[in-house]
Amino acid sequence: MDTGRPHVCFIIPPKLLRRLSERLTGAEREALLDTLEQSAHFRGQRSVTGIAAIAAVAAGEKRRTIFDAQHAKTLPGKLVRGEGDPPTPDQAVNEAYDSSGVTYDFYKAVLDRNSIDGRGMRIDSSVHYDRNFNNAFWNGRQMVYGDGDGKFFTGFTAAIDVVAHELTHGVTQYTVPGGDGLIYEGQSGALNESFSDVFGSVVKQWKNKQAAADADWLIGAGILMPSVGKALRSMKSPGDQSVTWQGDDQPGDMSGYQPDGDVHTNSGIPNHAFYYAAAGLGGNSWEKAGPIWYRALSLLKSNASFADAARATVLAAGMLFGDTEKAAVTDAWKNVKVTFKAAG
Amino acid sequence: MKITLRTVGGFTGPAGAQTHVVDVDELPPADAERLLGHVTSAVPEGLPRKLMKAAPQPWDFVRHLKIEDGETVREFQFHDEAASVSLRQLVQEIEELSGRT
């Protein structure tokens, strides 16, 4: 239906549209605000009015807010639990609350980071998104969890590494210089996925007080129906279907790199490099390997390649520790056949 | 005509792809006519096979659209934010009409 109003392409960033709307009046302003609402709808986001209200909340300490999407696709949904509120009868709500709290605590205690943006951003999560939704995602402002279809996947909030994975997409978005995070395609996209898997696993190990040598290094263990598999990915043994699931096609080194592969496929290579680094450095993954990878994030550009990540992590190892750690990280990338020239 | 829409992204990636299939021949006539109208306006001749954002983000799910019409098969890949309004409307229409497989 043609409303007679001007069509505005959604490629224009919402922030710019919002700014433009402030300069307009009458029908033109209404048309632009309509476009913003429609764009937000397509991205499954809350209305622009809601965004303004959320942004007005002052930054501070740990602040978790859990919403129930009530099986719809409009976000965030109905507010069901805020910071300090008692548990609800809904298990998914409590799991999202508890695991986002542990992830916040990890970033604060281990990496001295205050929430997703480093400035105390409120941690919003919506559970029960859509029906039979076999996924979880970060939408640029909040985390979103489906319940699974009961055939392939069960709920996604049950695994803390899923929650930490999604929250880390936000950390990446706010940490890589330039504001675009790691562009979600090609090698930078695979790195984006990998950093989320890395901190998903490290947060799980930190919570369980597990040394690198004792960890399972599985991502998404327990979210698949037992008939489908045990986990979605393995950082220790990418592509090993005996420990993951029958469709796992992740390569463990560059000999299996797929030039047009999905970011979730090629992420197996940097995932494996992190595993080798953590194993080589010994002890707990959050003591050296985790901080090195975290420090490297801010040394990357949004279009970083695997070689760039290798250089950045080696550099970070030198900045945070010393030659022994630099050598361990160098070996880790060599093990996965990523060739690079060390910086400086 | 058979239309298949596969959406990939998020935590699960291809493992959790949501697939919607619509067999136009099996739809009630009014639904079929409306859907074919959407296909005509959303997928004109010469539409590029890929309509991707310049700098996609983790929330940009990739849509894979396959239209099978007899011997003719047309396939497209796109992000919602790089697609036309009519293509996004077609996505909504397919999601509403199909049963998930």
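Basis of the calculations
- Residues numbered from 1 in each chain as written.
- Chains lettered and ligands numbered in written order.
- Predicted model: local features only at pLDDT ≥ 70, side-chain atom pairs only at ≥ 80, totals over all residues.
- Helix = DSSP H or I, 4+ residues; strand = E, 2+ residues; numbered from the N terminus.
- Rg over C-alpha atoms; globule rule 2.2 N^0.38 Å.
- Buried ≥ 20, exposed ≤ 12 C-beta atoms within 10 Å, placed from the backbone.
- Contact = placed C-beta atoms within 7 Å.
- Core = buried A, V, L, I, M, F, W, Y, C linked by C-beta atoms within 7 Å.
- Domains from an automatic or database assignment.
- Axes fitted to C-alpha atoms, helices over the stretch in contact; angles between N-to-C directions.
- Parallel < 35°, antiparallel > 145°, perpendicular 65-115°, else oblique.
- Left-handed = near helix turned anticlockwise from the far one by under 90°.
- Nonpolar A, V, L, I, M, F, W, Y, C, P; charged D, E, K, R; others polar.

Could you clarify how one ought to interpret the overall build of chain B in this entry?
Across its full length, chain B carries two helices and six strands. Of the regular secondary structure in chain B, the N- to C-terminal order runs β-β-α-β-β-β-α-β. In terms of overall dimensions, chain B is globule-like: its C-alpha atoms have a radius of gyration of 13 Å, near the 13 Å expected for 101 residues. Relative to its full complement of 101 residues, chain B shows a buried share of 34%.

Teacher, can you tell me more about unusual backbone geometry here?
Residues and elements named next belong to chain A. Cis geometry marks the peptide bond from L75 to P76, where omega comes out at 5 degrees. Inspection of the secondary structure puts P76 in the loop between β1 (64-68) and β2 (78-82). Of note in the backbone geometry, K337 takes a positive phi value of approximately 65 degrees without being a glycine. When you line up the elements, K337 lands in the segment after α11 (323-335).

Whenever I open this one, the interface of chain A and chain B confuses me. Can you help?
Put simply, an interface is often sized by how much accessible area is lost when its parts join up. Contacts between the two partners involve 30 residues from chain A, matched on the other side by 22 residues from chain B. Of all the secondary-structure elements, those providing two or more residues to the side of chain A that touches chain B are β4 (136-138) and α5 (160-175) of chain A. Ranked by residue count, the leading element in the side of chain A that touches chain B is α5 of chain A, at four residues.

How should the nonpolar core be read in this particular structure?
Among the nonpolar cores identified, the biggest contains 89 residues, and Y145, A273, F274 and A277 of chain A are the most heavily contacted of them. Here this core spans two domains, and each of domain 2 (60-158) and domain 3 (186-335) of chain A adds at least three residues to it. Among all residues touching F274 of chain A, those that are not within four sequence positions of it are V198, M235, A289 and W293 of chain A. With 13 residues, the next largest nonpolar core counts L5, A42, L87 and V91 of chain B among its residues.

Sorry, what's going on with the environment of T65 of chain A here?
All names here are of chain A. Topologically, T65 is positioned in strand β1. Residues T65 and S100, 35 residues apart in the sequence, show an inter-C-alpha distance of 9.7 Å. The residues touching T65, leaving out its near neighbours within four places in the chain, are L79, G82, R122 and D124.

Where do I start with the packing of helix α10 (residues 306-320) of chain A against α11 of chain A in this structure?
A pair of packed helices can be characterised by two numbers: the angle between their axes and the separation between those axes. All names here are of chain A. Two elements in contact, α10 and α11, have axes separated by 8 Å at closest approach and are oriented at 165 degrees. Between α10 and α11, the angle falls in the class roughly antiparallel. Here α10 and α11 pass one another in a crossing that is right-handed. Between α10 and α11, the residues in contact are A310, T313, V314, A317 and G318 and E325, K326, V329, T330 and W333, respectively. Each residue belonging to the contact of α10 with α11 can be placed in one class, and the counts come to five nonpolar, three polar and two charged.

Geometry only, nothing functional implied.
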